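Chain and residue survey
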Amino acid sequence: LSTSETTHAQVHAEHGAPPPPGHLLLRGGWVRALWMVPLFFFIGMGIVVGLRALAGWDPALDWEVVIVVGGLTLAPIGFLAGIGAFDYWTRYALGFPTRPEDHSSHGAYSWKDYFRVNTDHKVIGIQYVSTTIFFFLAGGLMAMLVRAELARPETNFYDTQTYNELFSVHASLMIFLFVIPAFAGLANFVVPLMLGAPDMAFPRLNALSYWLLPIAGIMMLSSFFFPGFGAGWTNYAPLSVDQPFGNVFFSMAVQWAGASSIMTALNFLVTIITMRAPGMTFWRMPLLVWANFTTSLLVVVATPFIAGSQFFVMFDKVMHTNFFDVSENGYVLGYQHIFWFYSHPAVYIMMLPGFGIASEVISTFSRKPIFGYRLMALSLMAILVLGFSVWAHHMFVSGMSTYLRVPMMVTTLLIAVPTGIKVFS
Amino acid sequence: LISIALIVAAATTAIAYFVDWLPEQASEERQGMDLVFWVTVGICIFVFSVVASVSIYSGIKFRVRPDDDSDGPPIHGHTGLEILWTAVPTALVTVIAVLSAVVLAQNDRAKGTPLRVDVRAQQYAWQFTYPGKQKVTSTVLYLPKGRSTKLYMRSEHADGTPDVIHSFWVPEFGQKQDVVPGIVTTLVITPTKLGDFRVICTELCGLGHALMRTRAIVLSPEGFNAWIKKQREAAGGPPGQAGEAAFKSLGCVACHTLTAAGATGKVGPDLDNLDKESIPGGQSLEAYVRQSIQDPSAYRRPGYAAQMPPFDLPKAQLDALVAFVVESAKQH
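Residues numbered from 1 in each chain as written. Chains lettered and ligands numbered in written order. Predicted model: local features only at pLDDT ≥ 70, side-chain atom pairs only at ≥ 80, totals over all residues. Heavy atoms only, no water.

**Remarks on the overall build of chain A**
Helix and strand counts for chain A come out as 14 helices and 0 strands. Listing the helices and strands of chain A from first to last along the sequence gives α-α-α-α-α-α-α-α-α-α-α-α-α-α. For 425 residues, the compact-globule estimate of 2.2 N^0.38 gives 22 Å, and chain A sits close to it at 24 Å. Expressed as lengths along the three principal axes of its C-alpha atoms, the size of chain A is roughly 75 × 60 × 45 Å. (Helix = DSSP H or I, 4+ residues; strand = E, 2+ residues; numbered from the N terminus. Rg over C-alpha atoms; globule rule 2.2 N^0.38 Å.)

Now the structure itself:
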């Protein structure tokens, strides 16, 4: 016993925390992020002011455009670069010797390692889950504020705009910063373990996808300071186009959260397809892995659609395009079709991992195998396919072409069949 | 076990059916919708109760005893059962789909020649226009009982520029329909009960969304004809009478105080004292009233929120309304 203890201690001593390379200001971490964020913001500001001055537009310094380009696009990239998410790739691209990460299953040496870029899938899983719990609390607090306002008739605490912003940001945080990434975090932790893989297929991409998440969350929270994002989480045009400037914070936050989802999902797909342990065939994978496999397929196909819908809204707002301006032949229902083509599958993105967890937990604690394993997995695939054919059931009363209603109703009802199979099995 | 589950399921379904959950039923369309609703909900409650009671029963009966560390029997796979619980939901779902499609088709069809009403939704008000030789405009929806009314709904401002998305809903009539800029949406209602119902906007449309409400009043066919005749006469009659009628039918009474019309609203400025208050920009009282009706945002009295919608009225009606408000205010 004593020998094994010493070996363990020795291993720790040999590895130790990696020696910090470079000066504090230049080394990847929070200090470097602190100066790189303003740097990138001013680069963005310079681009905007420069181009506007060259084009002779008045005023050259348009703060709204500066905030969109500098604040919401380049500053986050500065943050990611500063914290060190791009370090390996940058060194590789520039021809410097790269610094490979430690993959000896010692993801974190102390609590501080959870606040650094770390490529260990278990560390990232914990980072994901703790971040989502933070935003879950923030979103929950907003729900309490909404209820407090509703406790008595008339307006009591805030004006109507603030009230609308509270419930909009509440919903967005809960969906994009809690439900979706919380399952991604759990999957990060357990999927490689369940597959017998040493880590995810692309550990650095995995770290990057995590660090996009706090950016999106902070962006949504800061929409309050630029009132405001008050069109509900669905952000229906043209109401969203008429909203005050803060609405672009939501549009951009969805881009960052969406990018994070897509990166994680790709990572899961590659991991599940290529990194299964010998003997772990598709039909032997645990159902939780199956659930994450189908969820990831949904994310990869659907998420670009919400990104598109929010870009349309932001372009209408900032660049004065006319996607949803009826008086310029815009098409209002277009927004809803694109939006729900993501947001209905998003329901399954939020639900399928839950099905997977239920399958594992119930089967384990009843000490029995799953009753209809193959049919369970096939139902997941059926939900995946049908999930893309039901989006318009959110739009039955929206004024869309009436002939669309019955087919959409039929597919919506059909999706109950695989869902029922999952309950019975 | 199965008999217990079935008994529990039947009991919960029956209880659910006999509790009065839904708002009063006041249109033929609602009857069809309620049928679909109860068939679907009945199936759901029944299936849920069976699953839940079997799960709870098994959870209690077959729970693990202390010190029992053995695995359960490895039962899995039974093709017959799996086919059964795929086929049963498919059959139930087919029934619901056919029923819904039939009801939907029925509800889209108006019976006989429908009464046409043009609806205009804008932030944050409804306006209903009854076309004819002499148009009648009202902010309260009047409908005849027993006859189909077809609403043609637009989301636009008085000058025809597009507004945001709204949604028309009367709980007692059942249906809901979005009012979308750039599209004319339609809705058929056949009221079956006299009464005074709520019209509610159910699509978040901005700051005043919660206040975007009005009423739908169902009259007997004779009552409705009398109402519309009176409106037409009033609009064409002497200015005082037409003005008072307009003041009442356009909904001014809900927000403003004006003794001559018996109005005691407190949301907007008190119109009795209009002539004693400062009028902006040296306008005449008459011009100021006219401007405030057509474009309330041109001058907003301090302390009042931007809640009043602009009104685009036929000239005769507007003249009568302005004259009535000015005359009534001067009496105080």
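On we go.
**Some words on the packing of helix H6 (residues 160–195) of chain A against helix H7 (residues 203–222) of chain A**
Residue and element names in this part refer to chain A. The geometry of H6 relative to H7 is characterised by a closest axis approach of 10 Å and an angle of 165 degrees between their N-to-C directions. The angle between the axes of H6 and H7 places the two elements in the roughly antiparallel class. Judged by the twist between their axes, the crossing of H6 over H7 is left-handed. Across the interface between the two elements, Val169, Ser172, Leu173, Phe176, Leu177, Pro181 and Asn188 of H6 pack against Asn206, Leu213, Ala216, Gly217, Met220 and Leu221 of H7. Tallied by class, the residues present in the contact of H6 with H7 amount to 9 nonpolar, 4 polar and no charged. (Axes fitted to C-alpha atoms, helices over the stretch in contact; angles between N-to-C directions. Parallel < 35°, antiparallel > 145°, perpendicular 65-115°, else oblique. Left-handed = near helix turned anticlockwise from the far one by under 90°. Contact = heavy atoms within 4.5 Å. Nonpolar A, V, L, I, M, F, W, Y, C, P; charged D, E, K, R; others polar.)

**What to know about a nonpolar patch on the surface**
Nonpolar side chains collect at one region of the surface, where A:Leu24, A:Leu25, A:Leu26, A:Val31, A:Trp35, A:Leu39, A:Ile43, A:Ile47, A:Leu51 and A:Leu54 lie side by side and expose about 940 Å² of accessible area between them. Position of A:Ile47 among the secondary structure elements: in helix H2 (residues 30–55). (Patch = residues over 30% accessible without salt bridge, like charges linked within 9 Å, V, L, I, M, F, W, Y side chains within 5 Å. Areas by Shrake-Rupley, 256 points an atom, 1.4 Å probe, with all protein chains shown as cover. Salt bridge = Lys/Arg side-chain N within 4 Å of Asp/Glu carboxyl O.)

**So, the interface of chain A and chain B**
With 40 residues of chain A at the interface, the matching set in chain B holds 45 residues. Across the chain A to chain B interface the summed buried area is about 3,300 Å²; carbon plus sulfur atoms make up 72%. Between chain A and chain B we count 0 salt bridges in total. Linking chain A with chain B are 0 residue pairs in polar contact (both at pLDDT 80 or more), by the criterion used here. Elements supplying a minimum of two residues to the side of chain A that touches chain B: H6, helix H8 (239–242), helix H11 (332–365), helix H13 (405–414) and helix H14 (416–424) of chain A. Top element by residues in the side of chain A that touches chain B is H13(A). It accounts for 6 residues. Residue composition of the side of chain A that touches chain B, by class: 24 nonpolar, 11 polar and 5 charged. (Buried area = accessible area lost by both parts, 1.4 Å probe. Polar contact = N/O pair within 3.5 Å; in protein donor to acceptor, adjacent residues only side chain to side chain.)

**A closer look at the pairing of strand E8 (residues 185–189) of chain B**
All names here are of chain B. Extensive coverage of E8 is indicated by the burial of 4 of its 5 residues. Across 5 bridges, strand E5 (residues 149–155) lies against E8 in antiparallel orientation. Each residue of the ladder has a partner; that of Leu151, found in E8, is Leu187. (Buried < 20%, exposed > 50% of the residue type's maximum accessible area, 1.4 Å probe, protein only. Pairing = 2+ DSSP bridges.)

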